[in-house]
Structure formats: structure tokens, C-alpha cells
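Analysis of the macromolecular model
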Amino acid sequence: MVYIGTPTSRVDGPAKVTGAAKYAGDAAASGLAYGAVVTSAIPKGRIATIDTGAALRVAGVLDVLTHENRPRMARRAAAYKDDVGPEQGSPFRPLYDDTIMFSGQPIALVLAEEWEIARFAASLVRVEYEAEPFATDLRVERERAVAVDEPPKPRGNADKAYAAAAIRHEAEYFIPIEHHNPMELYASTALWEDGKLTIYDKTQGVLNVHNYLCSVFDMKPDKLRVLSPFMGGGFGSGLRPQYEAPLAVLAARALERSVRLVLTRQQMYALCYRPATIERLALGAAPGGTLDSVSHEAIAVTSQYEDYFRNDTGWSGLLYKSPNAKYVHRLARVDLPTPSDMRAPGATTGVYGLECAMDELAVALKIDPIALRLRCYSDRDQHDDIPYTSKQLRKCYRQGAAAFGWDRRNPKPRSMRDGSELVGWGMATGVWEALQMDTALRIVLTANGHAEVSCAFSDIGTGTYTIVAQVAADLLGLPLEAVTVRLGDSTLPQAPVEGGSWTAASVSHAIAKTADEIRKELWRLAKAMPNSPLGACRLEDIALADGRIIDKTDSGRGVAMTDAMRHGRRDRLEHETTNSFAEDDKHARNTHSAIFAEVKVDEELGVIRVTRVVNAVAAGRILNTKTARSQIMGGVVGGIGMALHEETLIDHTLGRMMNANIAEYHVPVNADVHDIEVIFVDEPDELVNPLGIKGVGEIGIVGTAAAIANAVYHATGKRVRDLPITLDKLLG
Amino acid sequence: MINFQYARATDIADAVRQIAGEPTAKFIAGGTNLIDLMKENIERPSRLIDISRLPLKQIEETGDGGLRIGALVPNSDLAYHALIERRYPLLASAILAGASAQLRNMASTGGNLLQRTRCYYFYDTATPCNKRAPGSGCAARYGLNRMHAILGSSEACIATHPSDMCVALAALEANVHVAGPGGERVIAFADFHRLPGDTPERDTTLRADEIIIAVELPARGFATHYSYLKIRDRLSYAFALVAVAAALELERDTIKEARLALGGVAHKPWRDVAVEKAMRGEPANRASFARAADAILRDARGFEHNAFKIELARRAIVRALTQAAAGTPQSQSVKKIR
Ligand SMILES: Cc1cc2nc3c(=O)[nH]c(=O)nc-3n(C[C@H](O)[C@H](O)[C@H](O)COP(=O)(O)OP(=O)(O)OC[C@H]3O[C@@H](n4cnc5c(N)ncnc54)[C@H](O)[C@@H]3O)c2cc1C
Ligand code: SF4
């Protein structure tokens with residue numbers, strides 16, 4: 001293999017830096033009308049009156065759509081279901097009726113000849129509400145939280161074992177609401193052509209949006225096409241269809257004209273978010289550092305209309321050996337929009353709680369945090385008592401610790417300093433799933449030796465274009481430059497949403513399967529050539545390399561693909577196949593990591609600097625060490641933000657998110673990010689899938705916040721369990 | 001954003017004439033604050049009078065050894081100007097502690113003085129706010145008030161002034177030169193920003209028909225013993241929780257002259273001349289710095305989320321004065337606190 005495994009720069013890089021890459025809000029079109037959204041000022045109640053008169057009188061305004069005058073949309077809530085939304089509940093229906101379910105809910109759409117006119121007219125829409133009592137505070141609503149029956153089955157008797165344990169640790173850890181804040185604004189450009197719609201939408205799943213819109217507007221699939229060729233970040237916020245897409249379609253159908261709708265940054269805060277969650281951990285251990293019991297309870301917010309939740313608690317009993325384990329997941333319904341997946345949903349929050357609790361347990365046991373984890377190390381999935389396809393977490397601990405210099409750590413809190421700063425070293429484990437999905441893919445090989453690979457997956461900025469080109473180039477035996485990749489178009493072969501870190505494995509195997517069809521056909525063509533050097537070769541011996549069809553046993557023997565095609569009078573070979581993964585419930589599939597963080601804390605002022613992070617990752621075969629490293633670094637930066645900065649502030653008496661902009665919602669800036677070292681430990685895996693790929697999009701964030709929180713404790717002797725760890729929590 | 005007219009001012013007299021004739025108009029300089037506020041429908045000017053091309057971009061020496069800074073000198077140019085770096089490094093440092101490089105390139109000296117509070121409620125027209133809509137109430141008082149005042153607040157408003165540059169200008173006793181229909185006048189920096197009282201909608205004593213033309217620095221620059229220490233929720237690009245401008249003149253280890261101004265704690269850069277006076281003749285050590293901190297904070301009061309700022313301010317003051325006395329001012333590029 002020439003390209004797989006090598007650090008390869010993004011093939012779409014030049015298009016992105018020159019502006020040639022067009023995003024959803026850039027799609028060029030003539031005769032566009034522009035939309036501006038008016039949103040609800042209150043979190044719950046009814047729209048008593050909505051007066052659009054003044055807006056309609058503005059020159060250049062084409063229409064103002066509200067629940068009173070909008071074109072037809074499906075009535076049944078079920079028509080608004082999408083591929084990845086919660087099973088329980090009925091999805092939000094924009095501009096559907098007069099009900100207000102959250103502050104920031106879209107309640108009118110102003111359409112005008114120009115964006116500025118639409119935005120001005122939007123400021124003139126007058127709304128009277130009938131407000132109703134509401135609730136937005138998890139810390140209050142936890143009392144009413146209801147249990148969901150999703151967590152893994154318990155084992156043993158955790159309560160009893162905990163009560164009897166020699167060493168016990170029990171605590172609550174809190175993660176506030178966080179927002180994805182991708183750089184690109186949510187936008188949809190709906191191009192209208194004789195009743196047919198082509199929609200450029202910011203989404204992680206063009207087919208999901210396509211199916212959703214067909215269902216909501218009762219449109220035939222061939223009348224609607226959804227494209228998302230480039231995305232300026234998603235982090236999960238674009239897995240479900242967001243309201244800009246149906247509103248753009250609504251507008252295009254109302255005006256019978258092309259429409260562009262770009263949301264504002266403020267409006268994006270009412271799309272979706274990581275749910276505020278309380279993680280309650282109770283760990284019982286024997287003095288030697290083995291676990292007797294693990295109890296993990298999560299209480300998270302969801303909306304009033306959908307039950308969103310992910311696996312927060314199951315990681316605890318999966319990761320560490322304990323004969324007794326129990327899990328509870330509860331939901332507190334609040335008057336906010338439905339939460340959504342955000343980078344490693346469930347694990348990011350659940351493992352934060354678990355890994356801080358393990359650190360506290362190590363302190364109570366007076367043993368090194370790595371030693372504790374090794375004593376509880378499990379080579380088998382603890383839920384189902386099955387082995388992993390591979391698990392090189394021990395290597396992560398070892399290599400990460402060596403790179404970090406962990407053996408020089410003085411375990412005593414406040415014992416290490418650098419002048420006026422206290423130095424803290426903390427570590428944590430990360431874990432995520434290695435998922436893979438059935439995916440269809442098409443390859444067209446033309447007689448000039450060029451291949452086009454196409455699939456409906458989106459590249460949300462992670463590097464999918466690049467790895468598709470690498471894998472296809474290797475498996476087709478072509479130079480990287482001879483491969484063109486088309487993604488993010490609902491007319492392309494079917495793929496699931498781009499999420500869950502499953503894209504690399506899913507798309508690579510779809511390439512492998514389809515490329516194999518091409519290989520077979522090229523073999524037949526090569527054999528048919530007069531005096532073919534491959535005349536006697538069996539298919540098993542045939543490989544594609546350097547633009548040639550060769551005999552693996554004697555690579556000198558072969559013919560150029562272009563010659564074979566010319567002789568066979570074929571100007572193109574085209575294959576589309578769907579790859580399905582073999583069912584295997586005898587193995588668990590996971591990625592793992594060990595994260596080490598150094599913080600320096602000004603003793604007097606509490607100012608925290610994360611000066612070093614080492615993240616050692618075991619994630620199977622790494623397709624592209626450059627883009628994969630960027631994914632892990634991005635995850636670590638997200639983890640720094642989670643640990644120290646990120647928090648959506650809600651005024652619970654107004655029911656509104658108050659820092660809904662990226663000046664006041666803090667994410668790390670350059671000054672907050674220092675050395676991040678990424679180590680990919682060797683993890684060959686022939687069981688997870690034929691190519692041994694596990695995916696790296698999410699594992700980088702899991703555990704990072706815990707490693708930093710544990711480092712802050714080590715530096716200061718203060719255990720801050722409520723994120724973010726702002727300096728005021730260290731004063732005093 | 002609402003529709004507005006746009007006109008360019010040809011000279012200072014024209015700018016004054018235009019604004020006097022249309023009280024609902026607004027000057028626009030760098031636009032880094034005004035445009036944001038317009039997008040959120042907080043500022044709704046009928047007309048923007050563009051003053052960005054007026055000849056107010058000079059930094060000149062004055063007869064009495066000071067410097068006169070034109071109102072349109074960009075924050076970056078000011079921070080990196082050789083005379084400022086050499087004679088008023090406290091000002092350079094404060095400017096570089098604020099915003100981002102891109103914003104500082106656009107932001108003007110006059111605009112920086114007139115930037116408005118970052119109170120969340122002020123920015124959200126769906127919420128009550130006396131400063132934005134007088135009489136509607138102050139949502140921050142019982143709401144989210146982490147960024148809010150611990151000194152000089154009123155029943156009506158507990159907002160802070162967000163500027164870093166102004167904290168240094170207060171410490172340096174700058175003067176603000178303004179022009180209006182009746183001619184020019186000079187406003188001492190201490191009198192330029194106001195406390196909220198019953199009229200929090202007014203941030204400053206500048207009249208609606210006046211334009212800032214320059215900021216003048218007196219000769220005394222405290223170039224040897226100074227420090228600007230800004231404490232915030234991330235290491236750059238965030239508004240101050242507490243900022244301290246400290247400047248000293250020492251004779252051996254005794255304080256001859258002291259300046260101490262605080263940012264992020266009040267509706268204006270906070271100074272207390274009596275405290276500075278009491279510092280004179282004291283030894284330049286932690287004990288006297290702590291006394292000064294206690295004195296300047298004696299009337300401080302916290303609200304639900306910002307009470308920590310009192311202790312934080314106390315420690316930051318001691319630290320900044322210590323840095324100043326030692327001649328090791330806080331670096332704005334290296335984030336480790338000295
Ligand atoms: C994300 C962000 C972060 C920031 N962080 C910081 C920070 O950390 N510290 C900090 O100090 N600042 C910070 N700022 C604020 C920045 O410093 C100000 O926005 C800037 O100084 C304003 O200058 P301007 O020329 O752009 O003013 P404009 O936006 O043009 O004008 C502001 C106001 O001043 C009036 N005005 C302008 N010039 C004159 C004049 N000559 N006479 C009379 N009236 C005038 C205008 O009418 C308007 O009301 C930040 C801003 C942003 C957007
Ligand atoms: S503190 Fe001032 S600016 Fe903030 S809500 Fe109250 S009145 Fe408005």
C-alpha cells in the first residue's frame with residue numbers, strides 16, 4: 001500500500017483555502033430570495049397574536065410566513081422523524097402551530113429580495129405571547145427526572161457490595177450544557193426549478209435530510225436533491241435535519257423561487273446542544289485496588305417533546321473489572337430544545353465522571369492512578385463477557401506515561417511547583433465504540449486511467465475526501481491524483497449520516513468491495529488480450545498497482561489498465577456495490593486511549609494553564625496519520641474547553657440562553673492550547689473488519705476533561721467536580 | 001438590524017453639524033462595537049456618520065512633555081507606537097490585553113472609550129435592562145452577574161465598563177478633548193465615564209452632539225514601575241473579570257507616587273485618589289500593597305455570581321503592585337503570571 005497509513009495532506013485543502021469550496025450558504029444561484037428568521041422571546045406558552053403588517057409594508061419584502069399562513073406541511077408528528085432522532089417523542093415542527101416550546105424557537109420567516117431587507121423587516125414583526133410557567137434548571141428538575149430503561153443490565157448486587165467495601169468513593173460530577181459551535185453558520189440554499197428542488201444544506205447526512213424533507217412536504221424523492229459537499233464543522237450538530245432546511249423548502253414552495261436562508265450565530269444556540277448532566281458515581285474497592293462495585297447514575301436534561309439520551313453510564317462497567325455493577329439513567333424534561341449528539345455523546349460526559357471518580361479512588365487507596373486502572377484492567381467486555389476484537393489500552397498507558405514522564409510525578413497534591421505556579425499532573429482513560437455501517441459506493445474507471453469514487457457520505461471537515469482518495473488509490477493501484485472523490489449528494493450511492501466515528505471503516509470497506517469488482521473486470525479484460533502475460537493467472541493472484549494489472553507472484557508480469565480497457569473496447573468500467581459487515585456478537589469493538597495532562601495554576605489567582613497533553617490512542621489501523629492526528633488534537637482542544645471554559649449560561653427565571661455568541665461562550669483560543677502530543681499505538685486487528693479500521697473522530701475528547709480536572713486536583717489539592725473549572729472555584 | 005442612512009463627515013465641524021442636526025444619528029469609527037449592537041437591534045441609529053477618514057490619526061508631542069493621541073488612532077498603532085512603548089508602556093500593555101489583533105486593528109481610540117457594557121441582558125432585547133430600555137428593570141441583579149460590578153453599582157444597574165485601554169488611561173490621568181456646537185472642551189478622564197445611578201442609559205458625560213477628537217496624556221508615564229494585570233476566564237480574548245493598572249514611582253523602596261485603577265469591577269475604570277495618596281511614603285512591600293487593596297475595595301459588594309471578584313481583586317492588586325515595584329510588568333504575550 002502506497003497511501004494507506006501515510007500522512008497525506010487534505011485533497012480538498014486547496015479548494016478550501018482558495019474559496020473554491022462552496023458551503024451551503026455560498027451556493028451560487030440567480031434570482032435568490034433571502035430569508036430571516038424571527039424567534040420566540042419566551043420559553044413556553046402560545047403565540048397570542050403575530051403582527052406582520054409593518055414587515056410586509058417594507059419595500060422589497062416578498063412574504064412573511066408564520067404558522068397562520070405557511071404552505072402545507074405534514075401534520076403527523078411521525079412524518080418529522082429522521083434516521084437518528086430519539087425514538088420516544090414527537091419531533092419539533094417549525095412554524096407548525098402557535099405553541100412555544102423553547103426560547104429561540106423560530107416563529108416567523110421573513111422573505112425579501114435582499115438579506116438586509118429581510119433582516120430589517122424581521123425586526124418589525126410584533127408578537128404577543130400567552131406565557132406559561134416553565135422550567136430549565138437541571139438542578140431543580142432532577143427531582144422529577146424519570147428513568148429510561150436503556151442502560152446495560154446490572155451484574156451482581158452493587159449496593160450490597162458497595163456497603164461492604166473497604167474503601168468507598170461516592171460523588172456527583174456536573175457537566176453544563178455545551179454547544180457545538182461549528183465555525184460555519186447553519187444555512188440552506190434551496191434552488192427552485194419548475195417544482196423541483198435542489199437544496200444545499202449544512203448537514204452531516206444528505207440522505208437523512210432528503211428523506212425528512214420528502215416526508216414533511218410529501219414530495220417524490222426524485223423532485224428533491226440535497227447536497228452538502230463541504231461542511232465547516234459539525235461535531236454532531238448536523239446529524240439531524242435542522243430547521244433551516246424545512247424553512248428554506250417552505251419558502252421556496254411559497255414563492256416558487258430559489259431561497260437562501262442563513263441562521264445567525266445566536267439562532268444556532270436554539271438548534272441543539274450537549275445536555276447538562278449530573279454523573280453520580282459510587283465505587284467500592286478492596287484495599288489492594290480491585291473494584292468490588294461500580295454504580296453509575298446519570299441525570300440529564302431533555303426537551304418536553306423528545307427523550308434524548310445516550311449511553312453515559314455503561315462505560316463504567318465496561319471498562320473496569322468489577323463483579324458488581326449497576327446503572328441508572330434519568331431524564332429531566334425541561335423547556336429547552338431537544339439535546340443532540342455532540343462529539344462522543346454519552347462517553348464524553350459519562351467517562352468524565354467515571355475517570356474523576358477513579359482518580360479520587362486512587363487517592364483514597366493511596367495508589368498511583370495508572371496502577372489502579374491496571375489492577376482493574378479487563379481484557380473482556382464486562383457486560384457480555386466477550387473478548388475485544390483488539391484492546392491495546394495497556395500500551396496506551398505505557399507509551400503515554402513514558403512520553404509524558406509520569407514516573408517523575410510526586411503523587412502528593414501541591415507538591416510540584418514552577419515558581420508562583422503549582423504544577424499538576426493528571427491522567428484518565430478514554431473509550432469509544434468502533435462502529436461500522438453498511439454503505440454503498442460507486443467507482444467509475446475511465447480509459448485514461450482515472451477513477452471517480454462517489455458516495456453520499458459527507459466530509460464534515462474530518463478528512464473523508466482524503467482517506468477515500470487514499471484507500472481508492474491504493475486498492476485501484478492508481479496515483480492519488482488520478483482519483484476524484486464525490487461526496488455529500490443525495491443522488492449518490494446510499495450512506496448513513498457522517499457521525500459515530502464510523503465513516504472511515506464504513507467507506508473504506510465499501511471501496512474495497514467495489515474496487516474488487518473493478519479488479520475482477522480488469523482481470524477478465526487483461527486475460528482476453530492477445531498474448532496476454534496474465535493469460536494463465538488466477539483471480540487470486542491478480543493485484544492492481546502503479547496503473548497496472550499485475551501478477552502478485554511475479555510483479556514484473558502485467559499489463560497497463562488503460563491497455564486492457566482499450567483492447568476490450570471499454571471506455572469506462574462502472575461498479576456500484578453495497579458493503580455489509582458480517583454480524584459478530586462474539587466480540588466487543590472499541591477504541592481506547594490514555595490521556596495525560598499537565599496544568600500550571602497560579603497559586604494566588606487560580607489562573608489555570610494546560611501546558612502539556614499527551615493522548616495515546618489505540619484505534620486499529622490509522623489510515624492517515626496527519627488527518628487522524630488533527631482529529632485527536634481537535635478532540636483534546638474540545639476537552640480543554642469542556643474542562644475549563646465551555647458553559648451555556650441559562651437564566652432560569654427567563655428560560656433563555658444568555659451567552660449565545662462566541663464572544664461570551666468561551667472555547668479555548670490559541671493562548672489556551674499548548675503542546676499536544678498524539679501517539680497512535682500499534683493495534684493490529686483482523687477481527688473488527690478486514691482492513692482493521694476503527695475510526696478516530698471522537699475518541700480524542702473522551703477522558704480529556706477528566707485528565708485535566710485530575711491534574712488541577714493534583715496541583716491544588718482542590719477537587720472541583722462541576723465543570724467548567726473556572727478560577728473562582730479555586731480561590732479561597 | 002434596522003435600515004439607516006450613511007454619510008461621511010468631511011471635517012470635524014461637519015461631523016458636529018451633522019450630529020447636532022440629527023440627534024438619533026451615530027458616529028461610526030472602527031465599527032467593532034457599534035455594528036454588533038446594531039445587528040442585535042440595541043443601537044438603532046437613523047444615520048451613521050462615518051468619521052473614520054477625519055484627520056485624527058496623529059500621535060503628537062505636546063508642549064508640556066505629554067502626548068496627544070488623535071481619536072481615530074487605531075488601538076494597534078497606539079500600542080506599538082515607539083513613544084507609547086517607551087514612555088507609557090502601561091497603556092501599550094493594557095491595549096494588548098484587550099480583544100484580538102484583528103479587532104485592535106479596527107478599533108479606534110475614541111471608540112474604545114465609548115464601547116458599551118458586555119452585560120448579557122444588555123445584548124438581548126427579549127430581556128429587561130435599564131441601560132437599554134430605561135425603566136424595564138435590571139435582569140442581571142438577580143440573574144447571571146458573574147461579569148458584573150462589585151463597586152459603584154446602583155439599584156438600577158450593576159454593569160461594568162469593559163475596556164482595558166481606559167483602565168490605563170484612568171491611571172495615567174489622561175484628558176479627553178471633545179468638540180461640540182459650542183466649541184471644544186476638555187474632560188478629565190475621571191469625569192468622562194459615569195456611575196450608573198438612576199440613569200444607567202448614560203455611560204459617559206459626553207454630550208449627544210459632541211465628538212471626541214483626542215486623548216491627551218500628561219508627561220508622567222510611570223515607564224519604570226508599572227504593570228497591567230488582567231484576569232479573565234480564558235488566557236486571551238475574553239473580557240476582564242478583574243484588571244489592575246498599577247503604576248509607581250519609587251525612591252529606593254519607598255513609594256513616592258502611586259496610581260491604581262481597576263477594570264471589570266465597576267461602571268467605569270475604578271480609581272480612588274485618597275488610597276493613592278495614602279500609599280505615598282509607604283514602603284513598597286506586600287503589606288502596604290495589601291492595605292491599599294483593602295482600602296480601594298472597602299465598599300465592594302458582590303452579587304450571587306461575582307462575589308469572588310472581591311477577593312480576586314484584592315489578590316490581583318497586590319500582585320500587580322508587586323510586579324510594578326519589581327520592574328517586572330506582566331507580559332501580555334507570555335500568559336504565565338509573573
Ligand atoms: C469579540 C470582542 C472582544 C473584545 N474584547 C475586548 C477586550 O478584551 N478589551 C477591550 O478593551 N475591548 C474589547 N473589545 C472592544 C473593542 O475594544 C471595541 O469594540 C473598540 O475599541 C471600539 O472601537 P471602534 O472604533 O470600533 O468603535 P465603534 O464601534 O465605531 O464605535 C463605538 C461607539 O463610539 C462612538 N464613537 C466612535 N468614535 C467616536 C468619536 N471620535 N467621537 C464620539 N463618538 C465616537 C460610536 O458612535 C459608537 O457609539 C472587544 C470587542 C469584541 C467585538
Ligand atoms: S446590569 Fe445594567 S446593563 Fe445589565 S441588565 Fe442591569 S441595567 Fe442592563
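Bear in mind that the values here come from a model prediction, so they are computed numbers and not experimental data. Throughout, a residue's number is its position along its own chain's written sequence, starting from 1. Lettering for chains starts from A, numbering for ligands starts from 1, and both go in the order in which the items are written. Selection of residues for local features in this predicted model requires a pLDDT of at least 70, selection of side-chain atom pairs for listing and counting requires 80 or more, and totals for whole chains, interfaces and linings are taken over all residues. Values reported for side chains reflect all heavy atoms of the structure, with hydrogen atoms and water molecules removed beforehand.

Some points on the site of ligand 1
Near is defined per residue: the residue qualifies when any heavy atom it owns lies within 4 Å of the molecule or strand. As a structural note, the neighbourhood of ligand 1 is formed by 33 residues, with Phe 27, Gly 31, Thr 32, Ser 108 and Asp 164 of chain B the closest of them. Residues near ligand 1 are shared among chains A and B, making this a multi-chain site. Here an oxygen atom of ligand 1 and a backbone polar atom of Leu 34 of chain B are 2.8 Å apart. Only the protein chains shown count as cover for residues, and all accessible areas are computed by the Shrake-Rupley method using a 1.4 Å probe. For ligand 1, the accessible surface in isolation is 980 Å², of which the surrounding protein chains cover 95%. In this description a helix means any DSSP run of H or I spanning at least four residues, a strand means any run of E spanning at least two, and both kinds are numbered starting from the N terminus. Of all the elements in the fold, those that place two or more residues in the shell around ligand 1 are strand E2 (26-28), helix H2 (34-39), helix H7 (109-114) and strand E8 (211-217) of chain B. Three categories are distinguished: nonpolar for Ala, Val, Leu, Ile, Met, Phe, Trp, Tyr, Cys and Pro, charged for Asp, Glu, Lys and Arg, and polar for the others, with Gly belonging to the last. For the shell around ligand 1, a count of residues per class yields 17 nonpolar, 11 polar and 5 charged. Nitrogen and oxygen atoms within 3.5 Å of one another constitute a polar contact, given that in protein one can donate a hydrogen and the other can accept it, and given that sequence-neighbouring residues count only through two side-chain atoms.

Focus: the pairing of strand E10 (residues 196-201) of chain A
Residue and element names in this part refer to chain A. When accessible area is computed with a 1.4 Å probe and restricted to protein chains, residues below 20% of their type maximum are described as buried, those above 50% as exposed, and intermediate ones as partly exposed. By the alternation rule, side chains of E10 split into Leu 197, Ile 199 and Asp 201, which are all buried, and Lys 196, Thr 198 and Tyr 200, of which none is buried. In the sheet, strand E9 (residues 187-193) pairs with E10 via 6 bridges, with the strands oriented antiparallel. The residue of E10 that forms the bridge with Trp 192 is Leu 197. Two strands make a pair as long as DSSP finds a minimum of two bridges between them. The loop that links E9 with its antiparallel partner E10 comprises 2 residues; one of these, Asp 194, has a positive phi angle of about 45°.

With respect to helix H7 (residues 244-255) of chain A
One less than the residue count of a helix, multiplied by 1.5 Å, gives the span that helix is expected to have. In this model H7 of chain A runs 16 Å from its N-terminal to its C-terminal C-alpha over 12 residues, within 8% of the 16 Å that 1.5 Å per residue would give. Positive phi appears at Glu 256 of chain A, one or two residues downstream of H7 of chain A, with a value of about 50°.

Observations concerning the domain arrangement of chain A
Residue and element names in this part refer to chain A. Each domain's limits were defined by an automated method or a database of domain assignments. For chain A, the assigned domains are domain 1 (15-133 + 180-268), domain 2 (277-334 + 344-435 + 585-731) and domain 3 (437-579). For domain 2 versus domain 3, the distance between C-alpha centres works out to 39 Å. The contact definition used throughout considers only heavy atoms, calling two residues in contact when any of these lie within 4.5 Å. On the domain 3 side, the residues contacting the 15 residues of domain 2 number 14 residues. Buried area: the accessible surface (1.4 Å probe) lost by two parts on joining, summed over both. Buried surface at the junction of domain 2 and domain 3, both sides included, amounts to about 1,200 Å², of which 61% is carbon and sulfur. Three residues stand out in domain 2 for area buried against domain 3, namely Leu 435, Leu 623 and Leu 691, and they jointly supply 42% of the buried area on that side. The working definition used for a salt bridge is a side-chain nitrogen of Lys or Arg within 4 Å of a carboxyl oxygen of Asp or Glu. Scanning the region where domain 2 abuts domain 3 turns up 0 salt bridges. For the interface between domain 2 and domain 3, the tally reads 6 residue pairs in polar contact (both at pLDDT 80 or more). For the side of domain 2 that touches domain 3, a count of residues per class yields 7 nonpolar, 6 polar and 2 charged.

A word on the sheet that holds strand E11 (residues 254-263) of chain B
All names here are of chain B. Taken together, the 4 strands give an open sheet; going across it, the order is E9-E10-E11-E12, and neighbouring strands pair in antiparallel fashion. Every other strand in the sheet has two partners, leaving strand E9 (225-232) and strand E12 (270-271) as the edge strands with one partner each. Lines fitted to the C-alpha atoms define the axes, with helices restricted to the stretch that makes contact. Angles between their N-to-C directions range from 0 to 180 degrees. Sheet strands in contact with helix H5 (residues 89-96) are E9 and strand E10 (240-251), and its direction is about 15° off that of E9. In the packing of helix H12 (residues 308-326) onto the sheet, contacts are made with E9, E10 and E11, and the angle to E10 comes to roughly 35°.

Details of the site of ligand 2
Taken together, 14 residues sit near ligand 2, with Cys 119, Cys 129, Cys 138, Cys 157 and Ile 158 of chain B positioned nearest. Taken together, the residues that form the shell around ligand 2 break down as 11 nonpolar, 2 polar and 1 charged.

With respect to the pattern of salt bridges
Oppositely charged side chains may form a pair once their charged atoms are brought near each other. In this structure the tally under the stated criterion is 80 salt bridges over all chains. Ionic pairing is found between Arg 609 of chain A and Glu 421 of chain A, a salt bridge with its closest N-O pair at 2.9 Å. Remark: Glu 421 of chain A occurs in strand E19 (residues 421-433) and Arg 609 of chain A occurs in strand E28 (residues 608-618); sequence separation between them is 188 residues. Among the salt bridges present, the one from Arg 141 of chain B reaches Glu 155 of chain B, with a minimum N-O distance of 3.5 Å. Here Arg 141 of chain B, found in the loop between H7 and helix H8 (165-171), pairs with Glu 155 of chain B, found in the loop between H7 and H8; they are 14 residues apart in sequence, far enough to count as distant. It is possible to trace a salt-bridge network through shared partners that takes in Glu 173, Arg 220, Glu 249, Glu 257, Arg 259, Arg 271, Glu 276 and Arg 280 of chain B.

Observations concerning helix H13 (residues 464-476) of chain A
All names here are of chain A. Its 13 residues place the ends of H13 18 Å apart at the C-alpha level, agreeing with the 18 Å of an ideal helix rising 1.5 Å per residue. Taken across its 13 residues, H13 has 12 buried, putting it largely inside the fold. If you check which residues of H13 are buried, you get Thr 464, Tyr 465, Thr 466, Ile 467, Val 468, Ala 469, Gln 470, Val 471, Ala 472, Ala 473, Asp 474 and Leu 476. Where H13 ends, the next residue or the one after it, Gly 477, has phi of about 65°, a positive value.

What about the packing of H13 of chain A against helix H14 (residues 503-528) of chain A?
All names here are of chain A. Contact geometry for H13 and H14: axes closest at 9 Å, N-to-C directions at 30°. Considering the angle they form, H13 stands roughly parallel to H14. Crossing of H13 over H14 shows right-handed handedness. In contact with Thr 464, Ile 467, Val 468, Val 471, Ala 472, Leu 475 and Leu 476 of H13, H14 contributes Thr 503, Ala 504, Val 507, Ser 508, Ile 511, Ala 512, Ala 515 and Ile 518. Residue composition of the contact of H13 with H14, grouped by class: 12 nonpolar, 3 polar and no charged. Oblique is the label for any angle not under 35 degrees, not over 145, and not in the 65 to 115 range, which are roughly parallel, roughly antiparallel and roughly perpendicular in turn. Should the near helix be turned anticlockwise from the far one by less than a right angle, the crossing is termed left-handed; should it be turned clockwise, right-handed.

Description of the sheet that holds E19 of chain A
Residues and elements named next belong to chain A. Spatial ordering of the open sheet is given by E18-E19-E27-E28-E31, a layout of 5 strands whose pairing is mixed. Of all strands in the sheet, those bounded by a partner on one side alone are strand E18 (416-418) and strand E31 (675-680). Strand-to-strand, the axes of this sheet are offset by a mean angle of 25°, without reference to chain direction. Two strands pair when backbone bridges link them, and E19 and strand E27 (residues 590-602) are joined in this way by 13 bridges, in the antiparallel orientation. Across the sheet, Glu 433 pairs through a bridge with Asn 590, a residue of E27. This element, helix H16 (residues 625-644), spans E28 and E31 of the sheet and lies at about 130° to E31.

A few points about the interface of chain B and chain A
At the junction of the two partners, chain B supplies 38 residues and chain A supplies 35 residues. Taken over both partners, the interface formed by chain B and chain A buries close to 3,400 Å², and the fraction arising from carbon and sulfur atoms is 58%. Along the contact surface separating chain B from chain A lie 8 salt bridges. At the junction of chain B and chain A, the tally comes to 14 residue pairs in polar contact (both at pLDDT 80 or more). With 5 residues, the top contributor of residues to the side of chain B that touches chain A is H12 of chain B. Across the side of chain B that touches chain A, the residue classes break down as 19 nonpolar, 5 polar and 14 charged.

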